[in-house]
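# Architecture at a glance
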Amino acid sequence: METIPTNEERLAKLEGMGCSRKRYEDPRFIQGKGNYVDDVKMPGMLVGVMVRSPYAHARIKSIDTSRALAHPGVYAVLTAEDLKPLKLHWMPTLAGDVQAVLADGKVSFQNQEVAFVVAEDRYIAADAAELVEVEYDELPAVVDPMKALFPDAPIIREDIQDSKVGAHGVRTHPNHIFTWDIGDKDKTDRAFDNAEITVKQDMIYQRVHPCPLETCGCVASYDKIRGDLTVYITSQAPHVVRTVVGMLSSIPESKIRIISPDIGGGFGNKVGIYPGYVCAIVASIVLGRPVKWIESRTENLTTTAFARDYHMTGELAADKDGKIKALRVHVTADHGAFDACADPSKWPAGMFHVVTGSYDIPNAFVSVDGIYTNKCPGGVSYRCSFRVTEAVYLIERMVDVLAQKLGIDKAEIRFRNFLRKDQFPYQSALGLEFDSGDYEPALRKGLAAIDYPAMRAEQAAMRADPTSETLMGIGICTFTEIVGAGPSKSCDILGIGMFDSCEIRVHPDGSAIARMGTISQGQGHQTTYAQIIASEAGIPASLIKVEEGDTSTAPYGLGTYGSRSTPVAGAAIARASHKIREKARKIAAHLLEVSPDDLEFDLDRFVVKGAPDQAKTMKEVAWAAYNNVPEGMEMGLEAVDYYDPPNFTYPFGAYLCVLDVNRFSGETKVRRFYALDDCGTRINPMIIEGQIHGGLTEGFAVAMGQQLTYDEAGNVLGGTLMDYFLPTSMETPHWETDFTVTPSPHHPIGAKGVAESPHVGSIPCFTAAMVDAFAHLGVTHMNMPHNSFRVWQQSHALGIDQ
Ligand code: MCN
Ligand code: CUM
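Residues numbered from 1 in each chain as written. Chains lettered and ligands numbered in written order. Predicted model: local features only at pLDDT ≥ 70, side-chain atom pairs only at ≥ 80, totals over all residues. Heavy atoms only, no water.

## Concerning the overall build of the protein
Applied cut-off: A run of H or I in DSSP counts as a helix once it spans at least four residues, and a run of E counts as a strand once it spans at least two, with each numbered from the N terminus. When accessible area is computed with a 1.4 Å probe and restricted to protein chains, residues below 20% of their type maximum are described as buried, those above 50% as exposed, and intermediate ones as partly exposed. Contact definition: two residues touch when any of their heavy atoms are within 4.5 Å. Surface exposure here means Shrake-Rupley accessible area, sampled with a 1.4 Å probe, where a residue is shielded only by the protein chains that are shown.
What the protein contains, in helices and strands, is 19 helices and 34 strands. Reported as C-alpha extents along the three principal axes, the dimensions of the protein are approximately 85 × 75 × 50 Å. Evaluated residue by residue, the protein yields a buried proportion of 63% over its 802 residues. The contacts in the protein between residues at least 6 apart in sequence include a share of 80% that link residues at least 24 apart. Surface accessibility of the protein: about 29,300 Å² in total, with carbon and sulfur atoms responsible for 53%.

Written out as structure tokens, the structure is:
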């Protein structure tokens, strides 16, 4: 007789939520068996290479493609003139603007796409690209968004120079894109007028780039006989690509198949639609052959979506005890030459309005001006949900500035202003509803973990010792994130609401296949999604195959960015699992000849209440679903769910950093970095920790070194990995992680997203620690990146560098 496994054995076999199940993906990745876009090779495949502008701003007098076309092995050279009859020389952006696919009469940023050479292989295409002769007339460039608004500034967008209204309202200058205001200006101004104390701080959040290890690319293959278009692409949102390609090409979506295979990191860089994709698709349609286009590292760094470039001024009004009364923010946002920011359509500054942070701030007003400059377009969020990094940076900096002004400890000022647990759901002054949080215990845990009082005492001793070479800084960041875009009433892309989806089909043997509208770029969805189904539908994770990224098989979804997969697709997975479970319950009841209400779901089976030996396992039910279902019931066991979340989720954390700064050399050592995250219900603790390590490392990169620098003429100075800082294990500090659990009240399994929190939270924490090292000398802010040279400059300016 079969022995019934114990509860522990059944639980272990399920590998459901809460279990640190090993990543299903890793065996293939660590053996080099991943399948990336550049691994796709098709018979007859050609390769495209871009001809790009050396100038940041220039008129194109002529383009001569004859020598390139005459080069052996070249099949086509596309220019704007070739795209014009197809109306594809410009394309719509996600921000309601248009962007030149291939330069139409002028170029507006360095390395802008000018022509597309298609040849037998990459070498031939690259050689022929050199033979395309472009005659330019250089124009003055403007790279500083403040100067772009001068009356005599060079006009970047002549195509729209006379239009007084853009996608987000009134434009006040040819280089002005929009002004976006939120909050109650009058009330906020009054609070400032009546305040006991106010502080103000300017800060620049430098332009950076997500820099995934795999650059962007695609293989487009048009089948002239069938009229089918297949595109393998490095996209974080394959279904959206399908819809956009359909709009641009007039091919019905039913004949377009977009496949995102394994992706070597996205970090926001792979959300947008780039000219290279359009050119490869057009070339394939025209030539009837598959066409591959893969960027080089420099192309990736200098022409695909950058992040940040926010020039911010923050102001706080408070009483003498440090209780905040109002927040006022102005942002000048540099969007580059075309407004190609990836944000929900209604919010041109994304979710920047989470800027009131973890604090109870009764009045707030934010105004953001979007500006064109002669720089690369993009404006994605790099490991942050739509401008949340910038918002959190601002409020965390401002709280510190206020604390310094009042002489209040930087932890203490947070305790005085935190939202209390009983204030949730909390309506923020900027119109968001924070779902849940419990901030005070998180910070208390963090302070205890690094022994905060001892650290402050050591710092005081160092400050008192004139011979000390080291300045010690302690940074605190108590951030609130907003992830899970999002309720379709406030979030859409090109009019499509930001729901997500899951389809589960259980096979007769009790194994299952599940497909989602999201796409993993390294987050481990194949591992963790199966865990949700395991817990919610009682099918062992190891028997569930998770598929994403093929629009011909996966249900429509909006993709993976903004840490939305768990909050949105994760909810769809839970709900689809529940649908499976409820149908299974009816089948089990039929098999056991009892009423469905008499059954209890127990891990992997249904048990008759009060008669524990009478049970049917999910495996038995799956078999019955295909041969013995109740009268009138459909055969089969499958479910689909499309989930439109009622709200965002609001993960939070308390981070602390202890830095040692050498005042002579500017060298910095991270002595401690403690990160406590709360992402509600935790699905896979090991994957969460991996996500946090990754996000912290990218936060360290941004704070300490990353910057896309431009000279006055618009030349990019950081276009290779020699100049653009990508930390290796050698530079990366040791991370200490911790957690609390405050479930989301509106999510079916209480989970919040986590992947971006460590990035959002760590960056202000590094700056806070850096500034804190100099705070006793009156320093209230230092702009990133905090590399040794810049830190030394600070030291030098204070006269303490020798
Ligand atoms: N998770 C969990 N429990 C939770 C929340 C999440 O176990 N309560 C798990 C999830 O199941 C998932 C992972 O953590 O396996 C991340 O989930 P989530 O926070 O929902 O984020 P997404 O899956 O939507 O991933 C997007 C996010 C973004 S926007 C960036 S940017 C980023 C990031 O993921 N890019 C990454 N992490 C990355 N990690 C890798 N390796 N590569 C990237 O490109
Ligand atoms: Cu915010 S970068 Mo991620 O959204 O892909």
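## A closer look at the sheet that holds strand β31 (residues 638–643)
Where we set the bar: When DSSP finds at least two bridges between two strands, those strands are taken to pair. Every angle, taken between N-to-C directions, lies between 0 and 180 degrees, and every axis is a line fitted to C-alpha atoms, over only the stretch in contact when it is a helix.
The strand order β27-β26-β25-β31 describes an open sheet built from 4 strands, whose pairing is mixed. The open sheet terminates on both sides in strands that have one partner only, identified here as β27 (544–548) and β31. Taking each pair of neighbouring strands and ignoring which way they run, the sheet shows an average axis angle of 15°. Pairing of strand β25 (residues 500–506) with β31, which is carried by 6 bridges, proceeds in the antiparallel orientation. Residue Arg505 lies in a different strand from β31, and its bridge partner there is Glu638. Of the strands in this sheet, β25, β26 (512–516) and β27 touch helix α14 (residues 525–537), which is tilted by about 125° from β27. Each of β25, β26 and β31 is contacted by helix α15 (residues 565–592), which is oriented at about 145° to β31, the strand it contacts most.

## Observations regarding the side chain of Ser468
Mapped onto the elements, Ser468 comes out in the loop between α13 (452–464) and β22 (470–480). Those residues in contact with Ser468 that lie beyond four places of it in its chain are Met462 and Arg663.

## Things to note about the site of ligand 2
The line we're drawing: One heavy atom suffices: a residue is near a molecule or strand as soon as one of its heavy atoms comes within 4 Å of it. Under the rule applied, a polar contact is a pair of N or O atoms within 3.5 Å (in protein, one hydrogen donor and one hydrogen acceptor; residues adjacent in sequence only if both atoms are side-chain atoms). Residue classes follow a fixed rule: Ala, Val, Leu, Ile, Met, Phe, Trp, Tyr, Cys and Pro count as nonpolar, while Asp, Glu, Lys and Arg count as charged, and any other residue, Gly among them, counts as polar.
Surveying the vicinity of ligand 2 reveals the residues Gln236, Phe267, Gly268, Ser381, Tyr382, Arg383, Cys384, Ser385, Tyr561, Gly562 and Glu756. Gln236 has a polar side-chain atom sitting 2.8 Å from an oxygen atom of ligand 2. Within the backbone of Gly562, a nitrogen or oxygen atom sits 2.5 Å from an oxygen atom of ligand 2. Looking at the shell around ligand 2 residue by residue, the class counts come to 4 nonpolar, 5 polar and 2 charged.

## A short note on empty space enclosed by the protein
Convention followed: Both cavities and pockets are sets of points on a 1 Å grid over the protein atoms alone; in a cavity a 1.4 Å probe fits but cannot get out, in a pocket the set is open with protein on both sides within 12 Å along at least five of seven lines, and lining residues sit with an atom within 4 Å of a point. Grid points are joined across faces, edges and corners, and a volume is the space filled by probe spheres set on the points.
Tallied over the entire structure, the rule returns 7 cavities of 30 Å³ or more. By volume, the largest cavity amounts to about 160 Å³. Contributing to the lining of the largest cavity are 15 residues, with Thr93, Gln99, Gly272, Ile273 and Ala340 lying nearest its centre. Split into classes, the residues belonging to the lining of the largest cavity amount to 10 nonpolar, 5 polar and no charged.

## Quick look at the pattern of salt bridges
The criterion, for reference: We define a salt bridge as a contact between a side-chain nitrogen of Lys or Arg and a carboxyl oxygen of Asp or Glu at a distance within 4 Å.
On inspection of all chains with the given rule, the structure shows 57 salt bridges. Of the charged contacts in the structure, one is a salt bridge between Glu547 and Lys545, with a shortest N-O distance of 3.9 Å. According to the relative accessible area criterion, Lys545 is partly exposed, its value standing at 49%. Note that Glu736 is salt-bridged to Arg672, the shortest N-O span being 2.6 Å. Linking Glu736 in strand β34 (residues 736–739) with Arg672 in strand β33 (residues 668–678), this pair joins segments that are 64 residues apart in sequence. Judged by its relative accessible area of 22%, Arg672 falls in the partly exposed class. Via salt bridges that share partners, Arg10, Asp602, Asp604 and Arg605 belong to a single interconnected network.

## Considering the coordination of the copper atom of ligand 2
Note the cut-off: Water is not among the atoms examined, so metal sites may look incomplete; donors are the N, O and S atoms within 2.8 Å of the metal, or within 3.2 Å for Na, K and Ca. By the criteria applied here, four donors are tetrahedral when all angles lie between 85 and 135 degrees, four are square planar and six octahedral when opposite donors are over 155 degrees apart and every other angle lies between 65 and 115, and any other arrangement is irregular.
Surrounding the copper atom of ligand 2 are the protein donor atoms Cys384 (O) and Glu756 (OE), at 2.1 to 2.6 Å. One way to put it: the 4 donor atoms around the copper atom of ligand 2 meet at angles of 76 to 149°, and that makes the site irregular. Of the two residues, Cys384 sits in the loop between β19 (363–371) and α10 (388–406) while Glu756 sits in the loop between β34 and α18 (757–774), which places them 372 residues apart along the sequence. Note on Cys384: relative accessible area 1%, which makes it buried. When its relative accessible area of 7% is taken as the criterion, Glu756 is described as buried.

## What to know about the pairing of strand β30 (residues 611–617)
The side chains of a regular strand alternate, first on one face of the sheet and then on the other. Across 4 bridges, strand β29 (residues 605–608) lies against β30 in antiparallel orientation. Directly across from Arg605, in β30, lies its bridge partner Thr617. Where β29 folds back onto β30 in an antiparallel hairpin, the turn is made up of 2 residues, including Gly610, whose phi is positive at roughly 80°.

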